[in-house]
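Structural overview
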Amino acid sequence: CTPSESFMAIASVKEVRLSARRCSSRAQPALRSLRLSAEGNEGEGESSNKRWSVSVVDEAAERIESVKVALLSSLSGSLAMAPLAVIEKSSFYPSDAFSAQWELAHDGLAFMLALFGLVYRYAIRGDGNPQLKQGVLGAFVITRAWSMLQASDSCSALPLSCGAPLSYFNWEMILQGSGAAVESVLAFGAAAVAMEFGFSKGWVKKFPSN
């Protein structure tokens, strides 16, 4: 190997090193961008999973299932109480059938049934605890029936006194509350039965649990 050949070899090595350094400096921004993107995606996944007690949740699929359950609950509950709704009288219900107040109350019931379906699905999950089911059902029935009560003209306030038989509730209010409670039990109970049937058939899915 002559001195000139050695010099050319050394020069070639230096050129290769310079080229490698140039390529490395050009690739650094791209690598940094990829690293940041990967870290961001990992952080988003971790923050999403922290919302739930389960390890992995497909939020898009869960939203679709929730919409399906809400529709099923609203439709089934509304259909179940429809025969009773058309014969309601103010003597045992807060309003007569087909009155403006009656329509407002039953539009609200359809919306409450949709909310009931959402709460029912997220509350019971896959645990199979009957007390959870009964608790959700009872909470909606009591809340609706109580909110529909109307104080009689004979009632006085602070403290509320309406006469016999319970002072706080008179016979007229008891009959109204009973009518609202019967309708609510029928509507929410039918919705719960329809959802359980849908869960068993796989038409709708419970929210997953560990």
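So, here is what we can say about the structure in this document. (Residues numbered from 1 in each chain as written. Predicted model: local features only at pLDDT ≥ 70, side-chain atom pairs only at ≥ 80, totals over all residues. Heavy atoms only, no water.)

Let's shift gears to the packing of helix α3 (residues 100-124) against helix α4 (residues 130-147). Relative orientation of the contacting elements α3 and α4 amounts to 160°, with a least axis distance of 10 Å. Looking at the two axes, α3 sits roughly antiparallel to α4. Taken as a pair, α3 and α4 cross one another with a handedness that is right-handed. From α3, Ala105, Leu109, Met112, Leu115, Phe116, Val119, Tyr120, Ala123 and Ile124 reach across to α4, where they touch Leu132, Lys133, Val136, Leu137, Phe140 and Arg144. (Axes fitted to C-alpha atoms, helices over the stretch in contact; angles between N-to-C directions. Helix = DSSP H or I, 4+ residues; strand = E, 2+ residues; numbered from the N terminus. Parallel < 35°, antiparallel > 145°, perpendicular 65-115°, else oblique. Left-handed = near helix turned anticlockwise from the far one by under 90°. Contact = heavy atoms within 4.5 Å.)

With that settled, the discussion passes to the pattern of salt bridges. Taken as a whole and assessed by the stated rule, the structure comprises five salt bridges. A salt bridge links glutamate 62 to arginine 121, with the shortest nitrogen-to-oxygen separation between them at 2.4 Å. Of this pair, glutamate 62 sits in helix α2 (residues 59-85) while arginine 121 is found in helix α3, placing the two residues 59 residues apart along the sequence. Each member of the pair, glutamate 62 as well as arginine 121, is classed as buried. (Salt bridge = Lys/Arg side-chain N within 4 Å of Asp/Glu carboxyl O. Buried < 20%, exposed > 50% of the residue type's maximum accessible area, 1.4 Å probe, protein only.)

Our focus in this paragraph is the nonpolar core. The biggest cluster of nonpolar side chains holds 25 residues, and the ones touching the most others in it are Leu109, Leu113, Phe116, Tyr120, Phe188, Met195 and Phe199. When contributions to this core are tallied by element, the ones reaching two or more residues are α2, α3, α4 and α5 (171-201). With residues up to four places along the chain from it excluded, the contact list for methionine 195 reads Val69, Leu72, Ser73, Phe116, Gly117, Tyr120 and Val204. (Core = buried A, V, L, I, M, F, W, Y, C linked by side-chain atoms within 4.5 Å.)

For the rest of this paragraph, the subject is the packing of α2 against α5. The interhelical angle for the contact between α2 and α5, taken along N-to-C directions, is 140°, at an axis separation of 8 Å. Considering the angle they form, α2 stands oblique to α5. Read as a crossing pair, α2 and α5 show a hand that is right-handed. On the side of α2, the interface is formed by Val69, Leu72, Ser73, Ser76, Gly77, Ala80, Met81, Leu84 and Ala85, while α5 contributes Val182, Glu183, Leu186, Ala187, Ala190, Ala191, Ala194, Met195 and Phe199. Its residues placed into classes, the contact of α2 with α5 shows 14 nonpolar, three polar and one charged. (Nonpolar A, V, L, I, M, F, W, Y, C, P; charged D, E, K, R; others polar.)

Looking now at unusual backbone geometry. In this chain, leucine 158 is followed by proline 159 through a cis amide linkage whose omega measures 0°. Cis geometry marks the peptide bond from alanine 164 to proline 165; its omega dihedral reads 10°. Of note in this structure, phenylalanine 98 is not a glycine but carries a positive phi near 70°. The exposure class assigned to phenylalanine 98 is exposed, which follows from its relative accessible area of 60%. The phi dihedral of leucine 158 falls on the positive side, at around 50°, and the residue is not glycine. When you line up the elements, leucine 158 lands in the loop between α4 and α5.

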